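Each chain, letter by letter, is given below.
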Amino acid sequence: MSLLLRNLQRLFNQTKQTKLFESHVRSKKTSHQYPLLNESELKEDFVRGSGPGGQATNTTSNCVVLKHMPTNMVVKCHETRSVDTNRKRARQLMQEKLDFFHNRENSFIEVQKREASMKLKEKKRKSRLKLEKLREFKEREGIT
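Below, the structure is looked at part by part.

## Some details on the pattern of salt bridges
Applying the stated criterion to the full structure yields 7 salt bridges. For arginine 87, the salt bridge is made with glutamate 44, and the minimal N-O distance between the two is 2.8 Å. Placement of the pair is arginine 87 in helix α3 (residues 83-103) and glutamate 44 in strand β1 (residues 42-47), with a sequence separation of 43 residues. On the basis of relative accessible area, arginine 87 is assigned to the partly exposed category, the value being 30%. Among the ionic pairs, arginine 128 bridges to glutamate 132, the shortest N-O distance being 3.8 Å. Taken together, the residues span about one helical turn, with arginine 128 and glutamate 132 both in helix α4 (residues 108-141) at a distance of 4 residues. Judged by relative accessible area, which is 45%, arginine 128 ranks as partly exposed.

Below, the structure is given as structure tokens:
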């Protein structure tokens, strides 16, 4: 039984070493440049929000509707009860939307989605390989 434990420990230690090596090899991430928003091209409206919150949301006009005039893109933001934070968040959403409009596959959000899917695929592949090694070991040792 001690031979079995040693072999299992060796198998798991190999996977830990590869994870440590990969963490040192990772490249530096660069910051992404969003397109600049020209305030003269934006039309900003404040409307009443909707959703849960009762009287607090029904009586105040803290929902921000931001329209980019050249592209006719509209962003509506009502994440908080504060008008200032909603204005900032609406501009961030507009920049992300314009980035996707101009760059498509190379936009920041699309690049992040691709990286996340690649990480998930790699994680599944490693898990599958680890399971296969464990099955092979069990068959070799005669463990069921």
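There's more to say after this.
## Overview of the sheet that holds strand β2 (residues 63-68)
The 3 strands lie next to each other as β1-β2-β3, forming an open sheet whose pairing is antiparallel. Either end of the sheet is taken by a strand with one partner, and the two such strands are β1 and β3 (73-77). Averaged over all pairs of adjacent strands, the angle between their axes in this sheet comes to 15 degrees, without regard to strand direction. In this structure, β2 lies alongside β3, joined through 5 bridges in antiparallel fashion. From the neighbouring strand, valine 64 faces β3, where its bridge partner is cysteine 77. Together, β1, β2 and β3 form the strand contacts of α3, whose direction differs from that of β3 by roughly 145 degrees.

Rules used in this analysis
- Residues numbered from 1 in each chain as written.
- Predicted model: local features only at pLDDT ≥ 70, side-chain atom pairs only at ≥ 80, totals over all residues.
- Heavy atoms only, no water.
- Salt bridge = Lys/Arg side-chain N within 4 Å of Asp/Glu carboxyl O.
- Helix = DSSP H or I, 4+ residues; strand = E, 2+ residues; numbered from the N terminus.
- Buried < 20%, exposed > 50% of the residue type's maximum accessible area, 1.4 Å probe, protein only.
- Pairing = 2+ DSSP bridges.
- Axes fitted to C-alpha atoms, helices over the stretch in contact; angles between N-to-C directions.
- Contact = heavy atoms within 4.5 Å.

Read these as geometric descriptors, not functional statements.
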